[in-house]
Amino acid sequence: MQVSGLLSLMGNISLGNDNITKEEKTIFLQYLNLAHLELYQVTANFNQDLLTHTTLANQADSNQVQLPEVPYMVSYVYDLTHKRQLHKVCLSDILEKNPAFSKTGHPTQYFVQKDILQFVPTQTAITSIKIWYVPQPIILTENTPEQDIPYPFAYHPVLIDGALYYLFQEEGGFKNIQKAIDAQKRWEVGQTRLLSYLYNASGQTFTTFSSV
């Protein structure tokens, strides 16, 4: 269901009423997005559906390419020109070893600052790359369709539990300690189950994996 349906369910659970007011919808949507952003942080690294890719090249005598947006995380960079993977490196490490960026040659590494990717060592020739990355989360609106909610359909109720958990802690008319505790339990269990599902579906090997 689209986000408007999730808001109606929140109204039914919290107020026992499907016909929530515009003001109540606005409040519910704020808490739904709070839960969404937290859930995105927890799951984005394992959510294969979020990965997008693009092919880019630097300009002549330039050591950088501009990505179409600021990525949430970069997953994989492949040098199409020299046919090899580039590995991410920490900028501070480069500054310690080669602060003048004087070394040149075929790229072996890269680092990203906002929407700018730079090669290591420094490039003087045009290099084409294919980059796979996870975009920044998009804020949900009342009209956001079901397919744009970045979690499997079966786990959309997890968003509702997270939103209700925050809603029931509110100092206003929604405050309810017991309901907040119940929603928190469902929220934590839901996050764990979703993370486990995405982890197994991704096929990744991650020895430090643990539940939420």
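Reading guide: rules and limits
- Residues numbered from 1 in each chain as written.
- Predicted model: local features only at pLDDT ≥ 70, side-chain atom pairs only at ≥ 80, totals over all residues.
- Heavy atoms only, no water.
- Helix = DSSP H or I, 4+ residues; strand = E, 2+ residues; numbered from the N terminus.
- Buried < 20%, exposed > 50% of the residue type's maximum accessible area, 1.4 Å probe, protein only.
- Polar contact = N/O pair within 3.5 Å; in protein donor to acceptor, adjacent residues only side chain to side chain.
- Pairing = 2+ DSSP bridges.
- Axes fitted to C-alpha atoms, helices over the stretch in contact; angles between N-to-C directions.
- Contact = heavy atoms within 4.5 Å.

Brief notes about the side chain of N98
Here's step 1: Its place among the elements puts N98 in the loop between α3 (91–97) and β5 (109–113).
Here's step 2: Residue class for N98 comes out buried when judged on its relative accessible area of 12%.
Here's step 3: A polar contact is formed between the side chain of N98 and the side chain of S102, at a distance of 3.1 Å.

Details of the sheet that holds β5
Here's step 1: Spatial strand order, β1-β7-β3-β4-β5-β6-β2: 7 strands in an open sheet with mixed pairing. Each end of this open sheet is capped by a strand with a single partner; those strands are β1 (52–57) and β2 (64–66). Strand-to-strand twist in this sheet, taken as the mean axis angle between neighbours without regard to direction, amounts to 30°.
Here's step 2: As judged from the 7 bridges shared by strand β3 (residues 71–79) and strand β7 (residues 128–135), these two strands associate in the antiparallel manner. Across the sheet, P71 pairs through a bridge with P135, a residue of β7.

Remarks on the pairing of β5
Here's step 1: Pairing between strand β4 (residues 84–88) and β5: 2 bridges, direction parallel. The residue of β5 that forms the bridge with K88 is Y110.
Here's step 2: Here β5 hands over to strand β6 (residues 116–120) after 2 residues, with K114 in that stretch at a positive phi of 55°.

Structural notes on the environment of L50
Here's step 1: Tracing the backbone shows L50 in the loop between α2 (22–43) and β1.
Here's step 2: Spatially, the C-alpha atom of L50 lies 10 Å from that of Y40, the residues being 10 residues apart in sequence.
Here's step 3: When near neighbours in sequence (up to four residues on either side) are disregarded, L50 contacts Y40, A44, Y133, V134, P135 and P150.

In short, shape yes, function no, at least from these values alone.
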